[in-house]
Amino acid sequence: MTLRVGLIGFPVEHSLSPVFQQVALDALGIPARYELWPTPPAELQQRVASLRAPSTVGANVTVPHKEAVAQLVDELAPRARRVGAVNTVIVRGQRLLGDNTDAPGFLFPLRERGLPLADFRVTLLGAGGAARAVIVALLDQGCRHLTIANRTPERARQLVAEFGIGHALTLGPELLTVLGETDLLVNATSLGWDGRASPIPLDWLGQLPPHAFVYDLTYRETPLLATARQLGRAALDGLEMLVAQGAESFRLWFEREPPFDLMLRAAQEARAHRFGTIG
Ligand code: NAP
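Along each chain, residues carry numbers from 1 onward, in the same order as the chain's sequence is written. In view of the model being predicted, local features appear only for residues whose pLDDT reaches at least 70, and side-chain atom pairs are presented and counted only at 80 or more, with totals across whole chains, interfaces and linings using the full set of residues. Hydrogens and water molecules were not included; the side-chain quantities draw on all heavy atoms of the structure.

A. Here's a closer look at the site of the ligand. Consider each residue's heavy atoms; a residue with any of them within 4 Å of a molecule or strand counts as near. Taken together, the neighbourhood of the ligand is formed by 22 residues, with Ala130, Asn150, Thr152, Arg155 and Trp193 sitting nearest. We define a polar contact as two N or O atoms separated by no more than 3.5 Å, with the added condition that, inside protein, one atom must be a possible hydrogen donor and the other a possible acceptor, whereas residues neighbouring each other in sequence contribute only through side-chain atom pairs. One of the side-chain N or O atoms of Thr152 is found 2.5 Å from an oxygen atom in the ligand. One of the backbone N or O atoms of Leu217 is found 2.9 Å from a nitrogen atom in the ligand. The residue makeup of the shell around the ligand, split by class, is 10 nonpolar, 8 polar and 4 charged. Three categories are distinguished: nonpolar for Ala, Val, Leu, Ile, Met, Phe, Trp, Tyr, Cys and Pro, charged for Asp, Glu, Lys and Arg, and polar for the others, with Gly belonging to the last.

Next comes the structure, spelled out in structure tokens:
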């Protein structure tokens with residue numbers, strides 16, 4: 001029997017996940033296909049129920065269903081409960097377990113680079129689902145110096161209240177002073193995918209200390225990253241996070257160690273094909 005795993009979202013056609021997940025399945029000789037499961041909201045319940053089929057091992061979940069799927073599974077892993085969203089469903093017999101691998105995915109490249117997150121002053125742009133995973137990851141690393149800046153400040157304030165950490169700002173000039181004392185700037189807004197938009201004016205990046213690190217969860221070149229690099233700051237896009245969250249999903253589905261380097265290379269090639277090379 002060919003096993004099945006796939007991506008639930010709407011739309012999903014742009015996703016790089018099938019490329020690097022299939023490379024891992026094939027490399028380990030696992031008889032499974034990673035499929036795209038485009039699912040409009042009205043069909044979500046039926047799609048999640050269909051995961052109970054014997055050939056299905058699990059699923060990834062992406063926009064706009066991460067929060068809704070958390071309500072549809074039988075059980076939530078503690079980190080999925082804390083993030084409030086599910087990006088991975090694991091089929092255990094007839095039961096569906098919801099987990100969230102965005103938090104470890106976010107951390108992976110930072111830990112690889114040996115960044116002392118517990119001591120870092122972090123400025124997080126955005127207050128949506130990805131920002132929630134970033135906060136959970138940073139809290140678990142002992143990070144206590146956090147500013148959350150969001151277009152809608154009320155959402156940032158809600159996160160500060162819920163997680164009991166940091167302070168909330170808008171994306172306005174009040175952020176300038178904070179940038180001067182930022183070790184890690186994270187873009188978790190949805191701006192940057194067009195290769196043009198930026199959540200903050202680009203010249204503000206000049207305020208960052210010379211050692212500061214700019215991490216954009218978007219996995220293409222963004223003006224934020226290009227400017228950070230031009231100004232001599234370290235810059236990291238979201239591709240390693242994407243592959244690391246996928247590798248963690250793979251471990252949960254198959255209880256095997258996936259070939260991370262192979263997956264990353266496949267993702268880099270697929271991205272270059274789509275957006276051109278980076279850096
Ligand atoms: P989301 O829940 O929809 O949140 C979107 C965030 O972007 C909100 O904070 C929103 O602010 C802000 N925003 C949207 N339009 C804006 C605008 N015009 N100006 C300023 N801020 C704006 O999305 P998400 O799931 O958190 O995803 C955020 C980003 O992270 C996406 O680009 C996604 O692709 C990326 N991501 C990457 C990975 C990875 O593996 N690399 C994983 C997860 C997510 P308001 O609250 O004011 O609306």
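B. How the structure looks around the pairing of strand β1 (residues 3–9). Counting buried positions along β1 yields 5 of 7 residues, so the element is predominantly enclosed. With strands facing away from the observer, any crossover in which the path from the first strand over the helix to the second runs clockwise is taken as right-handed. The helix and strand labels rest on DSSP assignments: H or I over at least four residues marks a helix, E over at least two residues marks a strand, and numbering proceeds from the N terminus. Assessed by its sense of winding, the connection that carries the chain from β1 through helix α1 (residues 17–27) to strand β2 (residues 32–38) is right-handed. When a residue's accessible area, from a 1.4 Å probe over protein chains only, is under 20% of the maximum for its type it is buried; when over 50% it is exposed; and in between it is partly exposed.

C. Structural view of helix α7 (residues 153–163). Inspection of α7 places Ala156, Leu159, Val160 and Phe163 among the buried residues, and these make up the whole buried set. Along α7, the residues classed as buried sweep out an arc of 100 degrees about the axis, all on the same side. The elements touched by buried residues of α7 are α4 (78–83), α6 (129–140), β8 (145–149) and β9 (167–169). To be clear, the arc concerns the directions from the helix axis to the C-beta atoms. Throughout, a contact is declared for two residues whenever any of their heavy atoms are within 4.5 Å.

D. Inspection of the side chain of Asn150 at higher detail. Tracing the chain through its elements places Asn150 in the loop between β8 and α7. For Asn150, a relative accessible area of 9% gives the class buried. At 3.1 Å, the side chain of Asn150 and the backbone oxygen of Thr152 are in polar contact.

E. The arrangement of the nonpolar core in detail. Phe106, Leu110, Leu124, Ile135, Leu184 and Tyr215 are the most contacted members of the largest nonpolar core, which totals 36 residues. Listing elements by their share of this core, those giving two or more residues are α5 (102–112), β7 (121–125), α6, β8, α7, β10 (184–187) and β11 (213–216). With 8 residues, α6 is the largest single contributor of residues to this core. The term nonpolar core refers to a set of buried residues drawn from Ala, Val, Leu, Ile, Met, Phe, Trp, Tyr and Cys, joined through side-chain atoms within 4.5 Å. The next biggest cluster of nonpolar side chains, apart from the first, holds 29 residues, and it includes Tyr219, Ala247, Ala266 and Ala270.

Keep in mind that these numbers describe shape and distance, not what the molecule does.
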